Amino acid sequence: MNDELKMFCYQCSQTARGTGCTIKGVCGKEATVARLQDNLLYALKGISAYLYHARELKTTDSEIDAFVEKSLFSTLTNVNFDVTSFLDFALQAGKMNIKTMKLLKEAHIKHYGEPTPTKVSTKTTKGKGIIVTGHSLKALEELLKQTENTGINIYTHSEMLPAHGYPELKKFKHLIGNLGGAWHDQRTLFTQFPGAILATSNCVLLPTDAYRERIFTMGATGLPGVPHIKEFDFTPLIKKAQSLPEVEEKPSSKFLTTGFSKSVILSLGTKIKDLVNQGKIRHFFVVGGCDTPTKKNEYYRKFVELLPKDTIVITLACGKYRFNELDLGEIDGIPRLLDLGQCNDTIVALEIAEALSELFGTPIENLPLSLVLTWMEQKAVAILWSLLAFGFKNIYLGPIIPAWVNEEILEVLTSKFGIKLISEPEKDLEEILRR
């Protein structure tokens, strides 16, 4: 194939995004390459998001930066016709995302201390209020400092829930609770919440007229016609909150528990090993990921509800909101539901898996540990390849196949990594426990 034909075929597959090249005889491979490029770009978006939040805390890494540059450049060079090269890039991206998540986690701990288990209220308290959504702990910290002694109460939403577990953040008495669930409930929640709103990262939706005048963005986040905070100066947001009606008192008996850090769980290592050896803990499940606003994701709540009482659920990211208010009880004092935090806290799950592997003297793939993940694009892509690069196999994934996957890519994911698409909770659970 000459250079002109290559360029045309590349452009065609880029435009068609997997529907096939218009040049007969070469469409299959080019369509797969285009999809793998999409996959790589999504993974790089995820890595870049975590890098951005690490940089907010003045933490960077030149090796990660160089990989992002090289990977983006690869989509413009001759390698862009090589399926094998892009599969290798995907695994490299997974490894580099592990390093990125570790970088961000270390920055969070350095600035805010290591999380400890914390019960978080879901009630509202009478008074002026601001609700914070997104992922940036730095933004929340600066807002808490600037609103101290102003009489404004600060609430978290979605992926900001784990902030309550960090010692240096929860010392602020006006950080009083978490409202709502996953990112996609915001249009309903923000309409009902009469105070001001701060969006600190992605996962923010176009606002409705009901709260358009009350929402602010910051950092890389932006919305048309919505005021943008610069340099962490929240003066406009605070003035808006003070001008708005008070949030009314609304009691709630529901608490959400978060803050199960690596140190907290590893401190229970000997006890966990004894309980496993005694048959009191049969299996560990990691259930979480990026939630989607679809009825298909009811699967995850039902799956957790079906779990035997001798199993432990480790969860993280916004997928946990499908079930994290459930009272699953304890096993000899160890909670059956352990919330590790945000999606970037997948690094904690990996470190716990490593520790369990060492504790039981067995490879990770032989541990009584299964991953059942809910899925969307972008950051979730980076995390998926991190899990695969780390050595996890037989991951259950849903509710639908990723958009960039075709038959050829699916064959690789299933044959090489054992990826399984979720089916029915009862069937999948029986299959997992039978192995």
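Quick note: structure is the one above.
Residues numbered from 1 in each chain as written. Predicted model: local features only at pLDDT ≥ 70, side-chain atom pairs only at ≥ 80, totals over all residues. Heavy atoms only, no water.

Chemist: Give a detailed account of the packing of aromatic side chains, specifying residues and quantitative values.
Modeler: Considering all chains together, one arrives at 12 aromatic pairs under this definition. Counting every residue linked through ring pairs, the aromatic cluster contains Phe-285, Tyr-299, Tyr-300 and Phe-303. In this arrangement the basic side chain of Lys-119 is found over the ring face of Phe-255, its NZ or CZ atom lying 5.0 Å from the centre. When the ring centre of Phe-232 is taken as reference, the NZ or CZ atom of Lys-138 above it lies at 5.6 Å. (Phe/Tyr/Trp six-rings, centres within 6.5 Å; stacked < 30°, edge-to-face > 60°. Lys NZ or Arg CZ within 6 Å of the ring centre and 35° of its normal.)

Chemist: Quick one: what's the story with the layout of surface pockets, residue by residue and with numbers?
Modeler: There is about 570 Å³ of room inside the largest pocket. What lines the largest pocket is a set of 25 residues, and nearest its centre among them are Thr-122, Leu-179, Gly-180, Leu-189 and Gln-192. (1 Å grid on protein atoms, 1.4 Å probe; cavity = no way out; pocket = protein on both sides within 12 Å on 5 of 7 lines; lining within 4 Å. Points joined across faces, edges and corners; volume = space filled by probe spheres on them.)

Chemist: Account for the nonpolar core, with residues named and values stated.
Modeler: Where a protein is soluble and globular, its nonpolar side chains tend to be buried together. Residues Ile-47, Leu-340, Trp-385, Leu-388, Phe-392 and Leu-413 are the most contacted members of the largest nonpolar core, which totals 72 residues. No other element matches the 11 residues that helix α4 (residues 83–112) contributes to this core. Membership of the second largest hydrophobic core comes to 28 residues, among which are Tyr-112, Ile-130, Ile-229 and Phe-234. (Core = buried A, V, L, I, M, F, W, Y, C linked by side-chain atoms within 4.5 Å. Buried < 20%, exposed > 50% of the residue type's maximum accessible area, 1.4 Å probe, protein only. Helix = DSSP H or I, 4+ residues; strand = E, 2+ residues; numbered from the N terminus.)

Chemist: So what about the packing of α4 against helix α13 (residues 379–390)? Which residues, and what values?
Modeler: A packed helix pair is summarised by two numbers, namely the angle formed by the two axes and the spacing between the axes. The interhelical angle for the contact between α4 and α13, taken along N-to-C directions, is 95°, at an axis separation of 7 Å. Viewed along their axes, α4 and α13 adopt a mutual orientation that is roughly perpendicular. The segment α4 lies against α13, with Leu-87, Ala-90, Leu-91, Gly-94, Lys-95, Asn-97, Ile-98 and Met-101 engaging Ala-382, Ile-383, Trp-385, Ser-386, Leu-388, Ala-389 and Phe-390. Considering only residue class, the contact of α4 with α13 consists of 11 nonpolar, 3 polar and 1 charged. (Axes fitted to C-alpha atoms, helices over the stretch in contact; angles between N-to-C directions. Parallel < 35°, antiparallel > 145°, perpendicular 65-115°, else oblique. Contact = heavy atoms within 4.5 Å. Nonpolar A, V, L, I, M, F, W, Y, C, P; charged D, E, K, R; others polar.)

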